[in-house]
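# Observations on chain architecture
Single-letter residue listing:
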Amino acid sequence: MNKSMLRTVAVMSALSITGCGASSVPVATTAAAEASSEAATTAAAETVESTGSLTDGTYTASAKGMDGDITAEVVVKDGKIAEINYTEQDETAGVGDKALKLMAKAIIEHQSLGVDAISGATVSSSAVRMLVSDAVEQAGGDVSEWKNREVKLEVKDETIDCDVVVVGAGIAGLAAAQKAMREGADVVVVEKLAFGGGTSIFSSGSFIAADTAEGVPELVEKWVKRNKITERNPLDMDKINTACAVSPDVLQLLTDAKVDYKLNEEGTMVPAASEQAKKNAENIQLATAKVKVKGGQALVNQLEDNLAENGVPIYFNTKATKLITDADNHVTGVVCESKTGTKTINAKAVVLACGDYAWNDELTGELAPDALHNFTSTAVSNTGDGINMAVEVGAVKSAFGESMSGCFAPDPYDMPVVGQPNNSYPFECLLLDNKGNRPVSEALGVHDQMIYFINEGEADYGWVVMDQEIADKFLKLDEYLERTSEGSVIQAYKEDSIEALAKDMNLDPATVQATVDQYNKMCEAGEDTDNGKDAQYLSAIDAGPFYAVKEYDLTRGNYGGIETNLAGEVTDKDGNAIPGLYAAGIISSAGFFGDYYPGREALGVGAYMGFISGENAAKYAAK
Ligand SMILES: Cc1cc2nc3c(=O)[nH]c(=O)nc-3n(C[C@H](O)[C@H](O)[C@H](O)COP(=O)(O)OP(=O)(O)OC[C@H]3O[C@@H](n4cnc5c(N)ncnc54)[C@H](O)[C@@H]3O)c2cc1C
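For the structure given in this document, a descriptive report is provided here. Keep in mind the model is a prediction, meaning the values are calculated, not measured.

### Topic: the overall build of the chain
Check the secondary structure of the chain and you find 20 helices and 24 strands. The buried share among the 623 residues of the chain stands at 60%. Working note: accessible area of the chain is about 23,400 Å², and carbon and sulfur atoms make up 47% of it.

Dropping the structure here:
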């Protein structure tokens with residue numbers, strides 16, 4: 001199976017309806033989602049009455065989730081499941097743990113195991129089904145009957161009127177909604193997934209910023225310096241100046257929305273949760289280290305909660321499909337689809353903040369062809385919907401798009417946990433390319449390293465080679481060894497000799513041996529004269545057994561998208577604004593980054609341009 005096919009399978013499995021022949025509408029249970037649950041479930045689901053009843057009691061059951069065992073106490077009262085209380089779980093913060101709540105809520109509401117999995121968190125969802133099945137069995141119920149219980153939905157179309165509708169609840173959409181709300185607009189947010197945050201939720205939540213107007217020129221200078229500017233992809237200084245100019249106001253908005261963060265000495269806005277996450281992970285293998293709350297999660301959840309407190313509804317599981325225009329091609333709303341029917345949202349202005357297009361092969365092939373065969377850790381819902389909707393009403397796709405440097409991961413479908421300041425392996429290892437050579441330092445900053453593998457190396461994967469001492473520090477190694485089989489995407493090997501390992505990796509044994517020998521010589525001398533790796537990470541690979549793990553480069557998404565002007569208005573082929581249509585975030589990010597994405601700027605583009613487009617959309621709506 002090639003990567004393109006694997007990507008397709010992953011999207012399908014993540015987005016597909018995986019219920020057992022039945023259907024339901026799970027609703028979010030964060031404070032924000034609770035506050036807007038009325039809106040999210042306007043077309044209430046109706047449960048078909050079931051017959052079998054369970055024996056009252058509390059039943060403990062476990063199942064394997066995405067990040068280890070999930071255990072819950074399932075309380076049966078009056079023959080029905082009354083509560084599902086998790087006593088142990090370590091699912092991905094902000095995604096898997098939300099899915100647990102949503103699944104529990106849906107199962108209790110419908111008294112059925114035929115509820116749908118939560119899009120984007122199918123493994124966690126399946127685990128809940130499995131453990132509740134176990135509890136049902138313990139309580140004397142018929143599991144297959146519970147799985148087949150039909151759950152009928154009342155499908156009802158509805159029309160909603162508002163000033164500004166924001167499509168997408170990532171950082172850009174939430175910033176736009178926050179600012180438009182603070183400008184006095186009546187705001188509605190629609191989000192395709194069952195939870196907010198998109199890709200933003202997977203990030204560390206950090207971006208470069210300035211908290212005073214005097215600090216803005218320095219921010220601009222830093223922004224430019226961090227990017228590699230080439231003829232092929234020059235920076236758009238007007239856009240960068242405009243975005244950075246609102247940085248102090250954006251930080252003030254975050255403060256007003258009660259986001260817990262600080263601007264550190266390096267001029268980076270860091271959510272408090274991100275600092276804690278780094279400490280928990282002891283600054284090593286952050287990509288796979290387990291942390292309770294990520295910075296990105298803390299940032300988006302607080303922005304969502306604050307919107308809810310201010311009465312702004314977020315309609316989850318609601319996918320915008322088409323922009324509404326009037327006779328003059330002014331955008332006047334958006335049509336959305338959900339399992340409970342069509343929502344026609346009439347608005348004076350629409351802000352598209354639908355994220356990137358890395359999960360859309362057609363758009364990727366057209367806008368960022370080099371990224372077509374890369375795996376990505378962007379949200380599975382980022383399929384370029386906003387780009388396609390905008391183009392239908394006359395928007396123009398940016399000529400330049402590129403994949404964003406990401407991180408290495410042995411399992412390309414295992415979403416990283418923090419924004420990967422470091423990589424997913426011990427720095428003492430040896431990182432080989434597809435020829436068996438060692439092109440870069442294993443301890444190099446993740447962005448620089450990925451730039452080599454994504455853009456300059458011949459293959460978009462590397463091999464981590466270790467001996468036992470180093471392998472002891474490699475998280476989840478046993479799991480990867482166990483999951484390796486012919487044709488499986490995960491490739492991890494253990495052998496007694498480097499030669500055998502080279503054969504497993506399909507590399508020339510003589511080349512690999514020469515690379516290992518040269519590396520060991522440098523370790524002995526205490527200096528990496530080839531790639532300059534810090535001496536503290538130089539550890540000879542000399543005591544078997546030896547291990548190799550294939551590491552895929554995961555991009556953070558593709559930047560580029562549609563053209564916008566400095567006011568965040570979407571523009572047509574003549575450069576004129578399409579009235580009523582705004583866009584913000586990675587969907588309209590051409591000109592913000594050079595050839596390679598340098599990190600800690602994408603959230604800035606989202607927050608800054610979200611703020612600007614939200615403000616202008618509200619002002620336009622008030623006219
Ligand atoms: C692992 C990882 C770590 C990162 N770390 C950092 C970092 O530390 N700092 C940094 O600056 N950047 C980081 N990035 C990049 C950054 O997170 C993203 O580029 C940024 O979050 C994009 O924000 P956005 O709001 O434009 O899109 P998103 O956050 O992806 O939000 C888009 C939203 O739109 C929704 N949507 C899509 N289509 C529709 C539709 N048709 N209808 C309704 N909703 C729709 C999606 O479901 C999604 O929720 C990281 C990226 C990754 C993958």
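### Regarding the sheet that holds strand β10 (residues 268-271)
Spatially, three strands are ordered β8-β10-β9 in an open sheet, and the strand pairing comes out antiparallel. Each end of this open sheet is capped by a strand with a single partner; those strands are β8 (207-208) and β9 (261-263). Two strands pair when backbone bridges link them, and β9 and β10 are joined in this way by three bridges, in the antiparallel orientation. Directly across from Y261, in β10, lies its bridge partner P271.

### Concerning the packing of aromatic side chains
All chains considered together, the criterion is met by 10 aromatic pairs. Ring geometry for F474 against Y480: centres 6.3 Å apart, planes inclined by 85°, an arrangement best described as edge-to-face. Pair check on accessibility: F474 and Y480 agree, each one buried. The structure contains a cluster of three or more aromatic residues connected by ring pairs, namely Y559, F593 and Y597. Sitting above the plane of the W146 ring, R149 keeps its charged end 4.0 Å from the centroid. A cation over an aromatic ring shows up here: K550 above the ring of Y461, its NZ or CZ 4.3 Å from the ring centre.

### What to know about the state of the cysteines
Overall, the coordinates contain zero disulfides when judged by the stated rule. The closest cysteine sulfur to the non-disulfide-bonded C354 is located on C336, 9.7 Å from its own sulfur. Given a relative accessible area of 14%, C354 falls into the buried group.

### Some details on the sheet that holds strand β2 (residues 57-65)
Pairing in this open sheet of three strands is antiparallel, and the strands run β2-β3-β4 from one edge to the other. Two strands bound the open sheet, and with one partner strand each, they are β2 and β4 (80-88). Taking each pair of neighbouring strands and ignoring which way they run, the sheet shows an average axis angle of 25°. Bridge count for strand β3 (residues 68-77) against β4 is seven bridges, and the pairing is antiparallel. By the bridge assignment for β4, E73 is matched with N85. Helix α4 (residues 96-110) rests against β3 and β4 of the sheet, and its axis sits at about 165° to β4. Contacts from helix α5 (residues 122-138) reach β2, β3 and β4 within the one sheet, and its direction differs from that of β2 by about 145°.

### Some thoughts on the pairing of strand β7 (residues 187-190)
Where burial is concerned, the two faces of β7 agree: the one with V187 and V189 and the one with V188 and V190 are both buried. In this structure, strand β6 (residues 158-167) lies alongside β7, joined through four bridges in parallel fashion. Bridged to V164 within β7 is V187. On the question of chirality, the crossover connecting β6 to the parallel β7 by way of helix α7 (residues 171-182) is right-handed. Sheet analysis places β7 next to strand β11 (residues 314-315), joined by two bridges and oriented parallel. The residue of β11 that forms the bridge with V190 is Y315.

### Comments concerning the pattern of salt bridges
Applying the stated criterion across every chain yields a total of 19 salt bridges. Linking K348 and D163 is a salt bridge whose minimum nitrogen-to-oxygen distance equals 3.2 Å. Here K348 is found in strand β14 (residues 341-352), whereas its partner D163 is found in strand β6, with 185 residues between them in sequence. Taking the shortest distance from any N to any O, the salt bridge between D528 and R438 comes out at 2.8 Å.

### Digging into the site of the ligand
As a matter of local geometry, the ligand sits amid 39 residues, with E191, S200, S204, S381 and N382 nearest to it. Between the ligand and A172 there is a distance of 3.0 Å, counted from an oxygen atom to a backbone nitrogen or oxygen. For the shell around the ligand, the secondary structure elements donating two or more residues are α7, β12 (319-325) and α20 (602-622). Of the residues belonging to the shell around the ligand, the class tally is 15 nonpolar, 17 polar and seven charged.

### Focus: the nonpolar core
The biggest cluster of nonpolar side chains holds 100 residues, and the ones touching the most others in it are V164, V187 and Y608. Considering every element that reaches this core, the biggest residue donor is α20, with 11 residues. Other than its neighbours up to four places away in sequence, Y608 contacts F207, I208, A209, L219, W223, A243, C244, V246, S247 and V250.

### Focus on the packing of α7 against helix α12 (residues 295-309)
Close contact between α7 and α12 brings their axes to 10 Å; oriented N to C, the two are set at 30°. Taken together, the axes of α7 and α12 lie roughly parallel to each other. Seen from above, α7 lies across α12 with left-handed handedness. In this structure, α7 uses I171, L174, A177, Q178, M181 and R182 to contact α12, whose residues at the interface are L299, V300, L303, E304, N306 and L307. Grouping the constituent residues of the contact of α7 with α12 by class yields eight nonpolar, two polar and two charged.

### Quick notes on the side chain of S133
Residue placement: S133 occurs in helix α5. Look past the residues within four positions of S133 in its chain and what remains in contact with it is L113, V143 and K147.

### Regarding the pairing of strand β19 (residues 461-467)
Burial within β19 is extensive, with six of its seven residues counted as buried. Pairing of strand β18 (residues 430-432) with β19 involves three bridges; the strand directions are antiparallel. Residue pairing across strands places L430 opposite V465, the latter belonging to β19. Note: β19 against strand β21 (residues 546-555), seven bridges, orientation antiparallel. Looking across to β21, one finds that D467 is bridged to F546.

### A look at unusual backbone geometry
Cis geometry is adopted by the peptide bond preceding P545, which originates at G544 and carries an omega value of 0°. By the element assignment, P545 lies in the loop between α19 (509-525) and β21. Positioned with a positive phi, D78 is a non-glycine residue whose angle comes to about 50°. For D78, a relative accessible area of 68% gives the class exposed. Notably, R600 is not glycine yet its phi reads approximately 55°, a positive angle. Within the fold, R600 resides in the loop between β24 (577-583) and α20.

### Details of a negative patch on the surface
Negative charge collects at one region of the surface, where E469, D472, E524 and D542 lie side by side. Tracing the sequence through the fold places E469 in helix α16 (residues 468-471). E469 sits in the exposed class, given a relative accessible area of 57%.

Rules behind the numbers
Residues numbered from 1 in each chain as written. Predicted model: local features only at pLDDT ≥ 70, side-chain atom pairs only at ≥ 80, totals over all residues. Heavy atoms only, no water. Helix = DSSP H or I, 4+ residues; strand = E, 2+ residues; numbered from the N terminus. Buried < 20%, exposed > 50% of the residue type's maximum accessible area, 1.4 Å probe, protein only. Areas by Shrake-Rupley, 256 points an atom, 1.4 Å probe, with all protein chains shown as cover. Pairing = 2+ DSSP bridges. Phe/Tyr/Trp six-rings, centres within 6.5 Å; stacked < 30°, edge-to-face > 60°. Lys NZ or Arg CZ within 6 Å of the ring centre and 35° of its normal. Disulfide = S-S within 2.5 Å. Axes fitted to C-alpha atoms, helices over the stretch in contact; angles between N-to-C directions. Contact = heavy atoms within 4.5 Å. Right-handed = clockwise from strand over helix to strand, strands pointing away. Salt bridge = Lys/Arg side-chain N within 4 Å of Asp/Glu carboxyl O. Near = heavy atom within 4 Å. Polar contact = N/O pair within 3.5 Å; in protein donor to acceptor, adjacent residues only side chain to side chain. Nonpolar A, V, L, I, M, F, W, Y, C, P; charged D, E, K, R; others polar. Core = buried A, V, L, I, M, F, W, Y, C linked by side-chain atoms within 4.5 Å. Parallel < 35°, antiparallel > 145°, perpendicular 65-115°, else oblique. Left-handed = near helix turned anticlockwise from the far one by under 90°. Patch = residues over 30% accessible without salt bridge, like charges linked within 9 Å, V, L, I, M, F, W, Y side chains within 5 Å. Lys, Arg positive; Asp, Glu negative; His and termini not counted. Charge placed at Lys NZ, Arg CZ, Asp CG, Glu CD.

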